[in-house]
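# An overview of the molecular structure
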Amino acid sequence: MRRIGVLTSGGDSPGMNAAVRAVVRCGIDAGLEVYGIYRGYEGLLDGEIEELDRRSVGDILHRGGTILKTARSERFKTPEGLERAETVLKTFGIEGLVIIGGDGSLRGGLDLSKRGIKVMGLPGTIDNDLGYTDFTIGFDTAVNTVLEAISKIRDTSSSHERTTVIEVMGRRCGDIALYSGLAGGAEAVLIPEIKSSVNDICMKILMSANKGKEHSIIVNAEGSGISSQELVDQITEKTGRDTRLVVLSYLQRGGTPTLSDRTLATLCGAKAVKLLAEESDSRAMGTAGGIITAFDLEEALEQKREIDSELYDLVEVLSK
Ligand code: F6P
């Protein structure tokens, strides 16, 4: 293995730059040439590729986002797109690829690995929706962003004795809502994996108010199945209490990565390069019980993220 490529794909996440930096510097240290592929699979198809050196990744460790840019690519999902990607990689002499992205991006990597490209996948997404790893790169930073917002919203909700619905990201996975709701002291979290009763939530809000609680915080994952505005309307109607909506949206995708995300990204990047240098078969990097582990790429992607029902039940117990 002489030349490897690295790309970021799908929704960006804080820590992607730390991963890119580790791949470039560990790759050069291992005697490899490292090529950056810009704009994910779109850029790969268009040959937006250039060699990177140690200085290319200077001063990015602390920055959210990705210097390689990212994109979603419908073109790449076609047989012609895959064919084109393989041709471009061969033209550049790139034998190994580090793909930093979520479920869809790593599945694209699996398709490339079936064409003989050595692929190392890093779990780069704020959603934490990859079932094979404890956590994904960006999840910790995103949850801390939500926690900061919850703290600020608690202040004003208390002053006005309001209920506030906070919408967070997570189309298919409720982990951002669950972890931020638990750590933020929410009265309820609504997630895609478990059906919620708005009526029960309203009852809880009223009972809390009768016990002297000055405010209620409800965290709603965007994929919960109940629109946040609909939730606000129903709470207002059923409880008669002043209710507001805050949609955090893309705030959760930016910001300087936390220690946890920087460390996870750096260690996964270093492991990926080591395995490519050793000509290992394609793997998915992640952690198992906190230990950096390389999983068989295909098997890793077959694992579904199970919601931690103990955490979910604890939110209920702690908010009574
Ligand atoms: O997958 C990460 C994610 O942030 C999801 O939580 C969110 O629903 C989606 O990306 C938004 O996608 P886009 O950035 O393409 O609007």
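Notes on the structure follow. The structure displayed is predicted, hence computed values, not measured ones.

Each value, and the rule that gives it
- Residues numbered from 1 in each chain as written.
- Predicted model: local features only at pLDDT ≥ 70, side-chain atom pairs only at ≥ 80, totals over all residues.
- Heavy atoms only, no water.
- Pairing = 2+ DSSP bridges.
- Helix = DSSP H or I, 4+ residues; strand = E, 2+ residues; numbered from the N terminus.
- Axes fitted to C-alpha atoms, helices over the stretch in contact; angles between N-to-C directions.
- Contact = heavy atoms within 4.5 Å.
- Polar contact = N/O pair within 3.5 Å; in protein donor to acceptor, adjacent residues only side chain to side chain.
- Patch = residues over 30% accessible without salt bridge, like charges linked within 9 Å, V, L, I, M, F, W, Y side chains within 5 Å.
- Areas by Shrake-Rupley, 256 points an atom, 1.4 Å probe, with all protein chains shown as cover.
- Salt bridge = Lys/Arg side-chain N within 4 Å of Asp/Glu carboxyl O.
- Buried < 20%, exposed > 50% of the residue type's maximum accessible area, 1.4 Å probe, protein only.
- Core = buried A, V, L, I, M, F, W, Y, C linked by side-chain atoms within 4.5 Å.
- Near = heavy atom within 4 Å.
- Nonpolar A, V, L, I, M, F, W, Y, C, P; charged D, E, K, R; others polar.

Another aspect to go through is the sheet that holds strand β1 (residues 3-8). Either a parallel or an antiparallel arrangement is found when strands of a sheet pair, and the pairing is made through backbone hydrogen bonds. An order of β3-β2-β1-β4-β5-β10-β11 is seen for the 7 strands of this open sheet, with the pairing classed as mixed. Each of the sheet's edge strands pairs with one partner strand only, and the pair in question is β3 (49-52) and β11 (291-296). In this sheet, adjacent strand axes meet at a mean angle of 30° when their direction is disregarded. Sheet topology note: the β1/strand β4 (residues 96-101) ladder contains 5 bridges and is parallel.

With that out of the way, let us pick up the sheet that holds strand β7 (residues 188-190). Spatial ordering of the open sheet is given by β7-β8-β6-β9, a layout of 4 strands whose pairing is parallel. A strand with exactly one partner marks an edge of an open sheet, and here the two such strands are β7 and β9 (243-247). Strand after strand, the sheet turns through a mean of 20° between neighbouring axes, direction not considered. Packing against the sheet, helix α5 (residues 139-160) makes contact with β6 (163-168), β8 (216-221) and β9, and its axis sits at approximately 165° to β6.

Relative to the assigned elements, T141 resides in helix α5. A distance of 2.6 Å separates polar atoms of two side chains, one belonging to T141 and the other to D261.

Let's shift gears to a nonpolar patch on the surface. A cluster of nonpolar side chains, contributed by L314, V317 and L318, occupies part of the molecular surface with about 280 Å² of accessible area. Positionally, L318 belongs in helix α11 (residues 309-318). A residue is classified by how much of its surface remains accessible, and L318, at 59% relative accessible area, is exposed.

This part covers the nonpolar core. Formed by 29 residues in total, the largest nonpolar core has its most connected members in V6, V98, I100 and L122. Listed by contribution, the elements that provide at least two residues to this core are β1, α1 (16-29), β4, β5 (118-123) and α9 (259-277). Broken down by element, the residue count for this core peaks at 7 residues, all from α9. Setting aside residues up to four positions removed in sequence, V6 forms contacts with V23, V34, Y35, G36, I37, L52, L68, L97, V98 and I100. Residues L7, I37, L106 and L112 belong to the second largest nonpolar core, which totals 27 residues.

Before going further, it helps to examine the site of the ligand. In the region of the ligand, the neighbouring residues are R72, T125, I126, D127, M169, G170, R171, E222, Y250 and R253. With respect to the ligand, the side chain of D127 contributes an N or O atom lying 2.7 Å from an oxygen atom. E222 has a polar side-chain atom sitting 2.5 Å from an oxygen atom of the ligand. Burial of the ligand by the surrounding chains reaches 80%, relative to a free accessible area of 400 Å². Of the residues in the shell around the ligand, the class split is 3 nonpolar, 2 polar and 5 charged.

Bringing the pairing of β6 into the picture now. Along β6, 6 of the 6 residues are buried, which leaves the element largely enclosed by surrounding structure. Burial along β6 is two-sided: T163, V165 and E167 and T164, I166 and V168, pointing in opposite directions, are all buried. Pairing between β6 and β8: 6 bridges, direction parallel. Residue V168 lies in a different strand from β8, and its bridge partner there is A221. The sheet contact formed by β6 and β9 spans 5 bridges and is parallel. Its bridge partner lying in β9, V165 is registered against L245.

Here G10 lies in the loop between β1 and α1. In this structure G10 comes out as buried when scored by relative accessible area, which is 11%. Counting along the chain gives 24 residues from G10 to V34, while the straight-line C-alpha distance between them is 21 Å. The residues contacting G10, other than those within four sequence positions of it, are T70, A71, R72 and S105.

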